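Listed here are the chains, written in short residue letters.
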Amino acid sequence: MDKGIPQNKSNNEKGKVIFMAHERTLVILKPDAVNRGLVGTVMNRFERKGLKIVGLKMENLEEKKLKEHYAHHKDKHFFEELLEYMSSIPSVLVVFEGKDAVAVVRKMAGATSGRDAEPGTIRGDFSMSIQVNVIHASGSTKEAEKEIKRFFGEKDLMEYERTDFGAIYSSEEKK
Ligand code: CMP
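Residues numbered from 1 in each chain as written. Predicted model: local features only at pLDDT ≥ 70, side-chain atom pairs only at ≥ 80, totals over all residues.

A.B. asks: Would you mind going over the site of the ligand with me for this structure?
C.D. replies: Taken together, His73, Phe78, Leu82, Thr112, Ile130, Gln131, Asn133 and His136 make up the full set of residues adjacent to the ligand. Across the shell around the ligand, the residue classes tally to three nonpolar, five polar and no charged. (Near = placed C-beta within 6 Å. Nonpolar A, V, L, I, M, F, W, Y, C, P; charged D, E, K, R; others polar.)

Laid out in structure tokens, this is it:
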């Protein structure tokens with residue numbers, strides 16, 4: 001099964017088994033989130049929103065993967081410093097699942113620069129920097145699929161149903 005667009009089974013509705021095609025997206029809680037003790041706070045925002053954790057790990061991001069992950073920035077003046085910062089201490093990697101998860105998480109992250117990001121967003125509330133900006137969030141569903149595969153194996157991604165699933169979505173939105 002393609003882990004990018006899972007088919008989740010739900011039997012919450014009067015014993016009826018329904019299927020939905022919710023999205024998955026990658027969030028990296030960057031070294032500054034770990035250094036500043038913000039991991040729980042940031043994770044809590046996504047969980048309270050109703051996003052489901054389906055993959056979670058802490059990892060020292062190695063240069064090879066970082067170069068791949070940030071390949072689109074390889075000619076930028078900040079590339080080397082970005083690699084150095086991202087590999088300075090471990091990051092926490094999370095895969096969240098939910099309806100329109102990619103767009104929802106991007107909105108919650110806020111603008112790249114913490115100084116420009118709106119208050120109420122994660123970067124707007126916790127960052128003063130364009131580089132040291134607490135989290136990375138996939139930019140599109142295509143990117144999410146690639147990024148999840150880069151950092152997680154098939155077996156690392158869980159399929160389960162949160163018991164509050166029926167309280168988070170309308171019947172229509174579960175599909
Ligand atoms: P992220 O969402 O992980 O995607 C690319 C990263 O590059 C970005 O967050 C920042 O950490 C970093 N970045 C983007 N623009 C700049 C910049 N102008 N100067 C330094 N770092 C940047």
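A.B. asks: Even after reading the chapter, I still don't get the pairing of strand E5 (residues 91-98), so can you show me in this structure?
C.D. replies: Looking down a regular strand, the side chains alternate between one sheet face and the other. Of all eight residues making up E5, seven are buried, and the element is well covered by its neighbours. In this structure, strand E3 (residues 23-29) lies alongside E5, joined through seven bridges in antiparallel fashion. Across the sheet, Glu23 pairs through a bridge with Gly98, a residue of E5. (Buried ≥ 20, exposed ≤ 12 C-beta atoms within 10 Å, placed from the backbone. Helix = DSSP H or I, 4+ residues; strand = E, 2+ residues; numbered from the N terminus. Pairing = 2+ DSSP bridges.)

A.B. asks: Got a minute to help me understand the sheet that holds strand E4 (residues 52-59) in this structure?
C.D. replies: Within a beta sheet, neighbouring strands are joined by backbone hydrogen bonds and run either parallel or antiparallel to one another. The antiparallel open sheet is built from four strands, whose spatial order is E4-E5-E3-E6. Whereas interior strands pair on both sides, the edge strands pair on one side only; in this sheet they are E4 and strand E6 (135-137). Averaged over all adjacent pairs, the angle separating strand axes in this sheet is 20°, with direction ignored. (Axes fitted to C-alpha atoms, helices over the stretch in contact; angles between N-to-C directions.)

A.B. asks: Looking at this model, I keep getting lost on helix H5 (residues 101-109). Mind explaining?
C.D. replies: Owing to its 3.6 residues per turn, the α-helix aligns residues three or four sequence positions apart on the same side. For H5, the complete set of buried residues consists of Ala101, Val102, Val105, Met108 and Ala109. The buried residues of H5 all sit within an arc of 135° when viewed along its axis, so they share a single face. Turning to H5, the residues buried within the fold contact E3, helix H2 (39-49), E5, helix H6 (122-126), E6 and helix H7 (141-151). Positive backbone phi, at 90°, marks Gly110, one or two positions downstream of H5. (Arc of directions from axis to C-beta. Contact = placed C-beta atoms within 7 Å.)

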